[in-house]
Amino acid sequence: MGVPFTEAIGGPFRTLFRALVRPSEAFTDPPPTLGRALARMLAVWVPLSLANTGLTVWRALESYDQLRRSAPPTWLEQALGADPDVLRELLRSLPPSPAFGHVWPWLLLVVPLGVLGTWIHDAVWDHAGLWLVGGLKAKRGFRATLVAEAEALRITALGTLIGLLGFLPVFGPLLFLPLLALDGYLWLFRGFALGARHGCGVWRGMAATVVHAALLGTCALGLAVVLLAMLRVGP
Amino acid sequence: MRRVPWIALVALALGLTVRLAGFLAPWAGLLPGCAFKRVTGVACATCGLTRGTLALGQGQWGAALHWYPALAILAAAAPVAILWDLRRAWRGDPYPPLPDSRGLRVGAWLLLAGIWALQAARGI
């Protein structure tokens, strides 16, 4: 007899949720191989990320079109310090946004690449952070970090699912702060996996993620701002 | 067994990004200022990084060195790192582990703090 549908879908999510609320028990099993850890991460994270990114893009296109059609909000006028009439004229002259139907096929390519990129990015920075806090004494190498990140990100992908609540009308904006706090916890959560897989203790793993955040803020923010500028001035 | 020269590939991708960023220099005035500096009056560790990146993208090494010395030094050292990584990959050697040295770790922390102190002291 087959497994009921609700159990097939709900079972893995229950396991992930349990890991999220009891992180100290989440990484006690022997580590999986890199390939298996990666496949399991992609299987959970890519569909959730596709849903989240799809909704974000859809909303962004709607906001863009709304901005083109109506007067710019006061805060935007103040932030840019431009003449309101000139700004209004400029916004009207902007090209219309592409239809979501033309955009979403690209998401099928971009989102999996983004997921893989985030995984590698987190592994590199967390590994550097672990070294800075003396967490690599067991000499398990970068591969152990890659496995730990894949395991942790599979679980924290659940946050992407919870983050979808932010798209709810009225209720969504109210959840901004709780969701921000959840993001903070999910960031630190990787420390449990790093601590377990490198045998360096949870506090060093969490410290590595904090160092990662600090380094990201201090070393890469400039480039991020440049990329933001590219988006702002792009066609 | 040949290996992938990840460092070389990432360095080349970053180089291309910086080059493209150079084309954005005319719009640099649109960028928001540093929130940290606005609140505290002290430069943050990344103050000057954007201007340094834009200058580097335009090939203005002197200006890049002025705005963010660490970035210009890193960019100048990048070809050495790329060549080392290509040689490592060609020979099939794995990446060496990060050195387990307290001195080097403390040195790295001091370097990071020093970069910040330099930017703050110069009021960039």
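Only a predicted model underlies this, so the values are computations on that prediction, with no experimental measurement involved.

Novice: I'm lost on the overall build of chain A in this one. Help?
Specialist: Secondary structure assignment for chain A yields nine helices and zero strands. Going from N to C terminus, chain A has its helices and strands arranged as α-α-α-α-α-α-α-α-α. By residue count, 37% of the 235 residues in chain A fall in the buried class. Taking all contacts inside chain A whose residues are at least 6 apart in sequence as the whole, residues at least 24 apart take part in 78%. Carbon together with sulfur atoms contributes 70% to the accessible area of chain A, which is approximately 13300 Å² in total.

Novice: When you look at the pattern of salt bridges in this model, what are you seeing that I'm missing?
Specialist: Between side chains of opposite charge, a pair can form as their charged atoms come close. Residues and elements named next belong to chain A. Under the definition given, this model contains nine salt bridges over all chains. Across the pair Arg 190 and Asp 122 runs a salt bridge, and its minimum N-O distance is 3.8 Å. On the criterion of sequence distance, the pair formed by Arg 190 in helix α8 (residues 176-198) and Asp 122 in helix α5 (residues 100-132) is long-range, its members being 68 residues apart. The exposure classification of Arg 190 matches that of Asp 122, with both residues buried. Salt bridges linked by common partners bring Asp 122, Asp 126, Glu 149 and Arg 190 together as one network.

Novice: What is the right way to look at helix α2 (residues 34-69) of chain A in this model?
Specialist: Helical geometry: 3.6 residues make up each α-helical turn, so side chains three or four residues apart lie on a common side. Between its first and last C-alpha, α2 of chain A extends 50 Å over 36 residues, near the 52 Å set by a 1.5 Å rise per residue. The sharpest bend along α2 of chain A comes to roughly 30°, located at Trp 45 of chain A, with the proline Pro 47 of chain A sitting one to four residues further on.

Novice: In this structure, what is going on with the packing of aromatic side chains? I would like to understand it.
Specialist: Working definition: an aromatic ring pair is given by the centre-to-centre distance plus the angle between the planes. Counted by the stated rule, this structure contains four aromatic pairs over all chains. Judged by centre distance (6.0 Å) and plane angle (45°), the rings of Phe 189 of chain A and Phe 192 of chain A are tilted. With Phe 189 of chain A and Phe 192 of chain A both in helix α8 and three residues apart, the pair spans about one turn of that helix. A single burial state applies to Phe 189 of chain A and to Phe 192 of chain A, both of which are buried. Each residue in the set Phe 27, Tyr 185, Phe 189 and Phe 192 of chain A is aromatic and connected to the rest through ring pairs, giving one cluster. In this structure, Arg 190 of chain A packs its charged tip against the face of Trp 187 of chain A, placed 4.3 Å from the ring centre. The side chain of Arg 88 of chain B reaches across the aromatic face of Tyr 95 of chain B, ending 3.6 Å from its centre.

Cut-off values and rules
Residue numbers here run from 1 along each chain, matching the order of that chain's written sequence. Following the order in which they are written, the chains are lettered starting with A and the ligands numbered starting with 1. Only residues with pLDDT of 70 or above have their local features reported here, since the model is predicted, and side-chain atom pairs are shown and tallied only from 80 upward, although totals for entire chains, interfaces and linings are computed over all residues. To obtain the side-chain values, all non-hydrogen atoms of the structure were included, while hydrogens and water were left out. Strands here are runs of E lasting at least two residues and helices are runs of H or I lasting at least four, both read from the DSSP assignment and numbered beginning at the N terminus. Each residue is assigned to one of three classes by its accessible area relative to the maximum for its type, calculated with a 1.4 Å probe on protein chains only: buried under 20%, partly exposed between the two thresholds, exposed over 50%. We call two residues contacting when some pair of their heavy atoms lies within 4.5 Å. Note on areas: Shrake-Rupley, 1.4 Å probe, and residue coverage restricted to the protein chains presented here. For salt bridges, the criterion is a side-chain nitrogen of Lys or Arg within 4 Å of an Asp or Glu carboxyl oxygen. Take the number of residues in a helix, subtract one, and multiply by 1.5 Å to get its expected span. Given a residue, its bend is the angle between the two axes fitted to the seven residues that end at it and to the seven that start from it. Centres within 6.5 Å make a pair out of two Phe, Tyr or Trp rings, where for Trp the six-membered ring is used; the pair is then stacked when the planes are under 30 degrees apart, edge-to-face when over 60, and tilted otherwise. Geometrically, a charge over a ring is one whose NZ (Lys) or CZ (Arg) sits within 6 Å of the ring centre while staying within 35 degrees of the ring normal.

Spatial relationships are all this shows, so hold off on functional conclusions.
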